[in-house]
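Chain by chain, the residues run as shown.
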Amino acid sequence: MPRPQRAAAAKAKSKPIDFPESSEASSSDEAAKTKVVEHKSVQVRETITAKEKPNSSVTVTKLEKTVKTTVKLKPKAGVKRKAGEDNDNDSNSDNEGQKSTIQKKVRASTKKNPPTMIPAVARTVGMKMLVGAHVSMAKGVQNAITNSNNIGGNAFALFLKSQRKWASPDMKESDAVAFREACKESRFDPKRHILPHGSYLINLAQSDKEKAKQAYDCFIDDLKRCERLGIGLYNFHPGSTLGLPRSEALARIAAHLNRAHKETRFVKTVLENMAGQGNIIGANFEDLRDIIADVMDKDRVGVCLDTCHLFAAGHDIRTQASYDTVMANFDRIVGREYLVALHLNDSKAPLGSNRDLHQNIGVGFLGLEAFRVLMNDKKLEGLPMVLETPMKVESTWAEEIKLLESLVGTPGNDPDFLVKAAKLSAKGEEERKAAEAAEKKKAIKKAPKPRKKGGKKQSEESWEDGNTEDEAEHSCEH
Ligand SMILES: [Zn+2]
Ligand SMILES: [Zn+2]
């Protein structure tokens, strides 16, 4: 199941706390209702600050008090909603009984787990390694910048629209303007530091005419949104062959990119390496190379390397020596000039498992040493590095950003580093053991016969149905 994740914590004087779009699609009912109430609490807080003390800062105590007050309020239309806000709206329900149950549940859950309010974390100034996270843009793209600032990110990713719907309402021009202004204010270079993630539905390798059109329309819409926002990079999953010849599938992707480049002005289309095998495109560097080979405007195509996907696809980056080998292979096969971004994730699954399961930094099979090595690769300076790790509490990403930044210039034998690495590793030990056991079991089951056809088929249908529920994609839900 995709994990519900919550974006940055509240910054006292700033915009609302945001909730990533992915939680909308994946939350249980109860979680969804809790979210709605939290939305309201934030809006009530805004109302109070706007009416009583414009531009004033709000203390943590006051925020918590507001949340409690809000929870007791009956949902009613009087609470103004902003455009683009989630449409999971309990106030539209006409079932009073259900409403009161929901309110009770919400009250109980809020009492048990009061929303954590953490102060905003300052961005580290002067960093050449630009670490950030995939933040939410709910209620307006400009909020992504606030969310990134709140966790101290020097780069960030976002979805440009719902990642699970083919059609989304057009972006408001006022939001685009606000985004561009917020970029300037926060000193983000939207051409280089912001890496939107494409919809999961898009498979540019699709051979069916109608479905290919649908995928392309969604893709080009994303690219046009990028350009309206002044964003220079757009990251997407290459797709699936759907069981058809690989070379033809790769050529279809390149043809779509060529067309898209003609219909847009500057945004660079960035292919992401993938964890999966079989029909999934992009688990090996040769796929990426072959797509790029057919792209006419080489300045408009790039690659984003996801550390979890690399490892799951069999590229061992856990030590300096193995990292160097993998990157040398990348340089030789694809070319370092195409590397424009990274996704920083540890892996819940072992090397070569082909499973896309993100883990928190240092807790998974990669371990902190892998990230120490990476954070000291000077060739990666200036590239956006985006965390897509599980986030259970709001401070997780803020802490992970600072942790990664602390690794720059740290030697592998540094005593503090070794303690940190061991602590994080111990945290994930049980989960890793279980994952290893599961892999072994799977290997034994698989051994007598080749890969089951059924598994492949499900993956194909997932793409065709516009549903990425195949296991390989589970944790790439940011
Ligand atoms: Zn992933
Ligand atoms: Zn991705």
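Residues numbered from 1 in each chain as written. Chains lettered and ligands numbered in written order. Predicted model: local features only at pLDDT ≥ 70, side-chain atom pairs only at ≥ 80, totals over all residues.

S.K.: Now, about the sheet that holds strand E5 (residues 268–272): what can you tell me, with residues and values included?
M.R.: The seven strands lie next to each other as E2-E1-E11-E8-E7-E5-E3, forming an open sheet whose pairing is parallel. What marks the edges here is a single partner per strand, and that holds for strand E2 (156–157) and strand E3 (233–236). Sheet topology places strand E7 (residues 301–306) next to strand E8 (residues 339–344); four bridges connect them, and they run parallel. Each residue of the ladder has a partner; that of Val-303, found in E8, is Leu-339. (Pairing = 2+ DSSP bridges. Helix = DSSP H or I, 4+ residues; strand = E, 2+ residues; numbered from the N terminus.)

S.K.: A description of the confidence of the model for the protein should follow, citing residues and the corresponding values.
M.R.: Per-chain confidence: the protein averages 77 in pLDDT, with 68% of residues scoring 70 or above. Note that residues 452–462 has pLDDT below 50 and, in this model, 18 contacts with residues that lie over four places away or in other chains. For the stretch residues 464–475, pLDDT sits under 50, and the model shows 28 contacts to residues farther than four places along the chain or on other chains. (pLDDT = per-residue confidence, 0-100. Contact = placed C-beta atoms within 7 Å.)

S.K.: How would you summarise the packing of helix H8 (residues 246–263) against helix H9 (residues 285–293) if you had to cite specific residues and measurements?
M.R.: The interhelical angle for the contact between H8 and H9, taken along N-to-C directions, is 50°, at an axis separation of 8 Å. Taken together, the axes of H8 and H9 are oblique relative to one another. Read as a crossing pair, H8 and H9 show a hand that is right-handed. Contact residues: Leu-250, Ile-253 and Ala-254 in H8; Asp-287, Asp-290 and Ile-291 in H9. Partitioned by chemical class, the residues of the contact of H8 with H9 number four nonpolar, no polar and two charged. (Axes fitted to C-alpha atoms, helices over the stretch in contact; angles between N-to-C directions. Parallel < 35°, antiparallel > 145°, perpendicular 65-115°, else oblique. Left-handed = near helix turned anticlockwise from the far one by under 90°. Nonpolar A, V, L, I, M, F, W, Y, C, P; charged D, E, K, R; others polar.)

S.K.: Please give an account of the pairing of E7 that cites residues and values.
M.R.: Taking burial as the measure, the six residues of E7 include six buried ones, the bulk of the element. Relative to E7, E5 runs parallel, the two sharing four bridges. Paired with Thr-269 across the bridge in E7 is Val-301. (Buried ≥ 20, exposed ≤ 12 C-beta atoms within 10 Å, placed from the backbone.)

S.K.: Explain the nonpolar core to me, using residue names and the numbers behind them.
M.R.: Phe-156, Leu-158, Leu-344, Phe-371, Met-385 and Val-386 are the most contacted members of the largest nonpolar core, which has 97 residues in total. Beyond its immediate chain neighbours, meaning those up to four positions away, Phe-371 contacts Leu-344, Ile-361, Gly-362, Leu-404 and Leu-407. (Core = buried A, V, L, I, M, F, W, Y, C linked by C-beta atoms within 7 Å.)

S.K.: Hey, could you go over the environment of Glu-388 for me, with residue numbers and the actual values?
M.R.: The topology assignment puts Glu-388 in the loop between strand E11 (384–387) and helix H13 (396–406). Note on Glu-388: 22 C-beta atoms within 10 Å, which makes it buried. Note: C-alpha distance between Glu-388 and Ala-157 (231 residues apart in sequence) is 9.1 Å.

S.K.: Pulling in residues and values, what's your account of the pairing of E11?
M.R.: Where burial is concerned, the two faces of E11 agree: the one with Pro-384 and Val-386 and the one with Met-385 and Leu-387 are both buried. Of the pairings in the sheet, the one linking strand E1 (residues 130–134) to E11 comprises four bridges and is parallel in character. The residue of E11 that forms the bridge with Val-131 is Met-385. Relative to E11, E8 is paired through three bridges, and the arrangement is parallel. Its bridge partner being in E11, Leu-342 is matched across the sheet by Met-385.

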